[in-house]
Amino acid sequence: MRKHRAAHGAPRRAPYLFLLPAGLLFALFFALPIGYAGYLSLRKIEVKGLGLGSGARSEVWAGFSNYTDALTDPVLLDGALRVLVYGLIVVPLMLGLALLFALMLDSDRVRGRAFTRLAIFLPYAVPGVIAALLWGFLYLPSVSPLHYTLDALGLPQPDLLSGGALYVALSNIAVWGGTGFNMIVIYTALRAIPAEVYEAARLDGCSQWQIAWRIKIPMVAPSLVLTFFFSVIATLQVFNEPTTLRPLTNSLSTTWSPMMKVYQDAFVAGDIHSGAATAVIIAVVTFALSFGFLRLAGARTRREENR
Amino acid sequence: MTAPTTTAPRSGRRGGWLPTAVLFVGAAYCLLPVVWVVMAATKSGSELFSTFTFWPGTGFAGNLSDLSGYRDGVYWTWMANSALYAGLGALLSAAVSAVSGYALALYRFRGRETVFNVLLAGVLMPPVILAVPQYLLMAEVSLTDSHLSVLLPVILSPYGIYLARIYAAAAVPQDVVEAGRMDGAGEWRIFRTVALPMMLPGLVTIFLFQFVAIWNNFLLPYIMLSDDEKFPLTLGLFTLLNQGANTPALYTLVITGALLAIVPLIALFLFIQRFWSLDLLSGAVKS
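Residues numbered from 1 in each chain as written. Chains lettered and ligands numbered in written order. Predicted model: local features only at pLDDT ≥ 70, side-chain atom pairs only at ≥ 80, totals over all residues.

**Observations concerning the overall build of chain B**
Moving on, step 1. For chain B, the count of helices and strands is 13 helices and 0 strands.
Moving on, step 2. Split into buried and exposed, the 287 residues of chain B put 45% on the buried side.
Moving on, step 3. Within chain B, contacts between residues at least 6 apart in sequence are counted, and of these 70% link residues at least 24 apart. (Helix = DSSP H or I, 4+ residues; strand = E, 2+ residues; numbered from the N terminus. Buried ≥ 20, exposed ≤ 12 C-beta atoms within 10 Å, placed from the backbone. Contact = placed C-beta atoms within 7 Å.)

Written out as structure tokens, the structure reads:
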């Protein structure tokens, strides 16, 4: 039997058996919860009378009422707006720095390349909660070196944990934590560019800046698209950093980001149905934004190839 | 480490002082909070608020024993839990990724690309949409507030499978697998004895990637766990900060705890630098 199979190349069943563990885990911990979230978002708790006694509270179909409620909820919309502002700061700054550092690492005659690469990558190994905690202390007037220095110089000390400065404070944590990983992704792509490309450019008399701008950046565009994609997804779901900073300031509400609102609805207010609806909305917006961007980027790349 | 492209002569006479300066500024920015926490952890409670922040204090031993004494050493329980979740979770994750990536790279079968794409779509799934129903489903089988509730959902790593497929395609030649079949070896044996050793460097990367992801995870344990004997470090430190925000006396505990929480991962990366390249993280397979 085995000989017969071998003669016909790969057995048919083997790949499916190899994929069984992943398939099982996917079904249990991805597909089932997603389906369940969709189901929950279409249900609601109906309270009869005063809501006392057994049978007074029952789960019924809600249609899309949880969605219309969520989409017209000013608390959620405010949170979405805050995350939009936050994302407009974080994503360009983080990817801009990642690209800059990657280009610098890739340029000639750099000293301390191994050290700086590792140092900039280091925050990747620091959990978001701990990063927020460390920066939180650095923002806190009583222990911050910034405030210590300003105080010693007799200068006014900014409050980094309220108002508009809070966006800067939160964005800084995300930029600090995410730049290194993105830098590695871009740097890897830069190093894969064949040397002949540079030789030709040098013979044509291109300067380092021209090489970076005209050759390196266009050639790592796919990596930039990929890092952008993951950064947007991560940004839309921001949760850990603002949650960790909350004990240090009064300016962060429990519903600062849409994701925090989901937690608040589902686990604090106990309304899992509206929490599920909000979660589905965040997922749909994430998909729409990321795939919309991919299509846009793909169409552009194709146009450039056709030129 | 240096790319072959950097050896060619360049037109500018001055060396690369500008890139070097930019990189050192970036490195200083990234090291700043780490240097701060190292310094702050050496200060006693009163020194923390009175001395210059980037100057070491004299209270490290005291802070350490305070932290170990806090609620009968619950901090070390958190550390052990984190090690368990991240170590076991990453190991299982690397194993599942290895078999899946191998199957996707070396077999041609119906629905291969569909399976791959569906698994990859998991990367895009916001944890938030999973977290609420995952909690409720865990509650159905009475698994909330258990070690399993934070371990099981993190085993499947779409990014790990993606990397494993790339590594398997690059490292395991189809001919070698065919030769194994000619010798009459079963599919499982070919995978275990031939393909697995070839994929090992890539699997180390998946292990590391997943170890960091689980070690850094906060949302899942935050939702699943209520008994602080089962908390990982991130959640434990968060609750400590929550209690300590109004009691500056607890600040030193939080700071010392934060330092000790980042030491293992930083040590791991420094150690592994010698025989493992960061580039592998982004799926680069060429040496």
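**Brief notes about the overall build of chain A**
Moving on, step 1. Counting its secondary structure elements, chain A contains 14 helices and 2 strands.
Moving on, step 2. Rg of the C-alpha trace for chain A: 26 Å, well past the compact-globule value of 19 Å for 307 residues, more than 25% over.
Moving on, step 3. Expressed as lengths along the three principal axes of its C-alpha atoms, the size of chain A is roughly 85 × 85 × 40 Å.
Moving on, step 4. Counting only residues that meet the buried cut, chain A has 43% of its 307 residues in that class.
Moving on, step 5. A sequence separation of at least 24 residues applies to 69% of the contacts in chain A between residues at least 6 apart. (Rg over C-alpha atoms; globule rule 2.2 N^0.38 Å.)

**Topic: the UniProt feature "domain: ABC transmembrane type-1" (unreviewed entry) in chain A**
Moving on, step 1. The UniProt entry lists residues 80-293 of chain A under the feature "domain: ABC transmembrane type-1" (unreviewed entry), expressed in the numbering used here.
Moving on, step 2. Regarding residues 80-293 of chain A, the helix share stands at 74% and the strand share at 0%, and the terminal C-alpha atoms are separated by 19 Å. (UniProt positions renumbered as here; feature names shortened; annotations may be inferred.)

**As for the UniProt feature "transmembrane region" (unreviewed entry) in chain A**
Residue and element names in this part refer to chain A.
Moving on, step 1. Within this structure's numbering, the places UniProt gives as "transmembrane region" (unreviewed entry) are residues 83-106, 118-140, 160-185, 219-239 and 276-297.
Moving on, step 2. For residues 83-106, the helix share is 100%, the strand share is 0%, and the end-to-end C-alpha distance is 33 Å.
Moving on, step 3. This span, residues 118-140, is 70% helix and 0% strand, and a straight line between its end C-alpha atoms measures 28 Å.

**Description of the interface of chain B and chain A**
Reports often express the size of an interface as the amount of accessible area lost when the parts come together.
Moving on, step 1. With 86 residues of chain B at the interface, the matching set in chain A holds 90 residues.
Moving on, step 2. Here the element with the most residues in the side of chain B that touches chain A is helix 1 (residues 17-41) of chain B; it accounts for 13 residues.
Moving on, step 3. The residue makeup of the side of chain B that touches chain A, split by class, is 64 nonpolar, 18 polar and 4 charged. (Nonpolar A, V, L, I, M, F, W, Y, C, P; charged D, E, K, R; others polar.)

**Description of the nonpolar core**
Moving on, step 1. One finds Ile186(A), Leu237(B) and Ala258(B) to be the most contacted residues of the largest nonpolar core, which totals 167 residues.
Moving on, step 2. In contact with Leu237(B), other than residues within four places in its own chain, are Val129(A), Ile130(A), Leu133(A), Val254(B), Gly257(B), Ala258(B) and Ala261(B). (Core = buried A, V, L, I, M, F, W, Y, C linked by C-beta atoms within 7 Å.)

**Concerning helix 12 (residues 233-244) of chain B**
Moving on, step 1. Look at helix 12 of chain B: 16 Å from first C-alpha to last across 12 residues, which is about the 16 Å you get at 1.5 Å a residue.
Moving on, step 2. Within the span of helix 12 of chain B, buried status applies to Leu233(B), Thr234(B), Leu235(B), Gly236(B), Leu237(B), Phe238(B), Leu240(B) and Leu241(B). (Expected span 1.5 Å × (residues − 1).)

**Describing the UniProt feature "transmembrane region" (unreviewed entry) in chain B**
Moving on, step 1. Mapped onto the present numbering, the UniProt feature "transmembrane region" (unreviewed entry) falls on residues 21-41, 83-107, 114-136, 148-172, 193-215 and 249-272 of chain B.
Moving on, step 2. What you have in residues 249-272 of chain B is 92% helix and 0% strand, and the ends, taken at the C-alpha atoms, are 37 Å apart.

**Focus: the confidence of the model for chain A**
All names here are of chain A.
Moving on, step 1. Chain-level pLDDT for chain A is 85 on average; 92% of the residues reach the 70-or-more range.
Moving on, step 2. Looking across chain A, the model is least confident in helix 1 (residues 2-7), with a mean pLDDT of 44, and most confident in helix 4 (residues 74-106), with 94.
Moving on, step 3. Below a pLDDT of 50 lies the segment residues 1-8, which in the model reaches 5 contacts outside its immediate sequence neighbourhood of four places, other chains included. (pLDDT = per-residue confidence, 0-100.)

**Some words on unusual backbone geometry**
Residues and elements named next belong to chain B.
Moving on, step 1. Of note in the backbone geometry, Ser142 takes a positive phi value of approximately 55 degrees without being a glycine.
Moving on, step 2. Within the secondary structure layout, Ser142 lies in the loop between helix 6 (127-140) and helix 7 (147-151).
Moving on, step 3. Exposure remark for Ser142: the 9 C-beta atoms within 10 Å place this residue in the exposed category.
Moving on, step 4. In this structure, Asp145 is a non-glycine residue whose phi angle is positive, near 60 degrees.
Moving on, step 5. Here Asp145 shows up in the loop between helix 6 and helix 7.

**Some details on the packing of helix 5 (residues 113-121) of chain A against helix 1 of chain B**
Moving on, step 1. Where helix 5 of chain A meets helix 1 of chain B, the closest approach of the two axes is 8 Å, and the angle between their N-to-C directions is 35 degrees. Pair helix 5 of chain A / helix 1 of chain B crosses with left-handed handedness. Between helix 5 of chain A, through Phe115(A), Thr116(A), Ala119(A) and Ile120(A), and helix 1 of chain B, the contact on the second element is made entirely by Leu23(B), Phe24(B), Gly26(B), Ala27(B), Cys30(B) and Leu31(B).
Moving on, step 2. Residues of the contact of helix 5 of chain A with helix 1 of chain B, tallied by class, amount to 8 nonpolar, 2 polar and no charged. (Axes fitted to C-alpha atoms, helices over the stretch in contact; angles between N-to-C directions. Left-handed = near helix turned anticlockwise from the far one by under 90°.)

**Here's the deal with the environment of Val129(A)**
Moving on, step 1. Positionally, Val129(A) belongs in helix 6 (residues 128-139).
Moving on, step 2. Taking the number of C-beta atoms within 10 Å as the measure of exposure, Val129(A) has 27 and is therefore buried.
Moving on, step 3. C-alpha of Val129(A) to C-alpha of Ser223(A): the two residues are 94 residues apart in sequence and 27 Å apart in space.
Moving on, step 4. When neighbours within four sequence positions are excluded, Val129(A) is seen to be in contact with Asn240(A), Thr244(A), Phe218(B), Thr234(B), Leu237(B) and Phe238(B).

**What to know about the confidence of the model for chain B**
Residues and elements named next belong to chain B.
Moving on, step 1. Across chain B, pLDDT averages 85, with 89% of residues at or above 70.
Moving on, step 2. Looking across chain B, the model is least confident in helix 2 (residues 45-50), with a mean pLDDT of 74, and most confident in helix 4 (residues 74-106), with 95.
Moving on, step 3. Note on residues 1-13: pLDDT under 50 across the span, and 15 contacts to partners over four residues away in sequence or across chains.
Moving on, step 4. Scoring the predicted complex yields pTM 0.86 and, for the interface, ipTM 0.85.

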